[in-house]
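Residues per chain are reported as follows:
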Amino acid sequence: MVKRLSARHTNYTTVYFSLTAEQASKLREAAKKALVSESEALRRMLDAYLAEVEKRGLPSEPYGKMRFKGYEERVVPRTIRKEQDSRLRELSERTGRSISELVREAVEGGSAE
């Protein structure tokens with residue numbers, strides 16, 4: 001038997017990205033403060049980040065490889081909307097930056113409220 005997903009669930013996809021311990025903590029605290037899941041907090045942060053990118057334009061060059069000094073990097077799965085996933089992939093291709101870099105920037109500059 002095939003389980004059918006409701007329309008509510010078909011609009012989402014899971015992405016894997018890396019965050020520093022500090023960024024993971026910031027995401028956790030933003031979710032706690034807004035009384036939502038970490039995935040919902042990330043979706044809100046990404047909405048704000050993508051709106052800001054549309055307003056100010058794309059960065060001219062990639063950041064390149066980042067080394068985390070004094071922080072342990074951890075890979076986390078979170079559920080985002082398919083539209084956000086496609087916009088992140090498009091930004092990644094156009095800028096040469098990884099999706100993890102884009103998500104870290106969104107977490108650094110955003111709030112979940």
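Residues numbered from 1 in each chain as written. Predicted model: local features only at pLDDT ≥ 70, side-chain atom pairs only at ≥ 80, totals over all residues. Heavy atoms only, no water.

With that settled, the discussion passes to the pattern of salt bridges. Going through the model one piece at a time under the given rule, you end up with 13 salt bridges. Measuring nitrogen to oxygen at the nearest pair gives 3.1 Å for the salt bridge that ties Glu 40 to Arg 44. Here Arg 44 and Glu 40 lie together in helix α2 (residues 38-56), a separation of four residues that amounts to about one turn. Judged by its relative accessible area of 23%, Glu 40 is partly exposed. On the basis of relative accessible area, Arg 44 is assigned to the partly exposed category, the value being 32%. A salt bridge links Lys 55 to Glu 52; the shortest N-O distance between them is 3.8 Å. (Salt bridge = Lys/Arg side-chain N within 4 Å of Asp/Glu carboxyl O. Helix = DSSP H or I, 4+ residues; strand = E, 2+ residues; numbered from the N terminus. Buried < 20%, exposed > 50% of the residue type's maximum accessible area, 1.4 Å probe, protein only.)

Its 19 residues place the ends of α2 27 Å apart at the C-alpha level, agreeing with the 27 Å of an ideal helix rising 1.5 Å per residue. Positive backbone phi, approximately 90 degrees, marks Gly 57, located one or two places after α2. (Expected span 1.5 Å × (residues − 1).)

Now for the side chain of Asp 85. Inspection of the secondary structure puts Asp 85 in helix α3 (residues 82-95). With residues up to four places along the chain from it excluded, the contact list for Asp 85 reads Thr 13, Val 15 and Ile 80. (Contact = heavy atoms within 4.5 Å.)

Turning to its location among the elements, Arg 78 is positioned in strand β2 (residues 73-81). A sequence separation of 62 residues divides Arg 78 from Tyr 16, and the C-alpha atoms of the two residues are 6.6 Å apart. In this view, Arg 78 contacts Thr 13, Thr 14, Val 15, Phe 17, Leu 27, Glu 38, Ser 39 and Leu 42; residues no more than four positions away in its chain are not counted.

To continue, consider unusual backbone geometry. Not every positive phi belongs to a glycine, and Leu 35 is a case in point at roughly 60 degrees. Summarising the element assignment, Leu 35 is placed in the loop between α1 (21-34) and α2. Judged by its relative accessible area of 78%, Leu 35 is exposed.

Attention now moves to the packing of α2 against helix α4 (residues 99-109). Here α2 crosses α4 at 100 degrees, and the two axes come no closer than 9 Å. Here α2 is positioned roughly perpendicular relative to α4, judged by the angle of their axes. Judged by residue contacts, Leu 42, Met 45, Leu 46, Tyr 49 and Arg 56 of α2 engage Leu 102, Val 103, Glu 105, Ala 106 and Val 107 from α4. Residue composition of the contact of α2 with α4, grouped by class: eight nonpolar, no polar and two charged. (Axes fitted to C-alpha atoms, helices over the stretch in contact; angles between N-to-C directions. Parallel < 35°, antiparallel > 145°, perpendicular 65-115°, else oblique. Nonpolar A, V, L, I, M, F, W, Y, C, P; charged D, E, K, R; others polar.)

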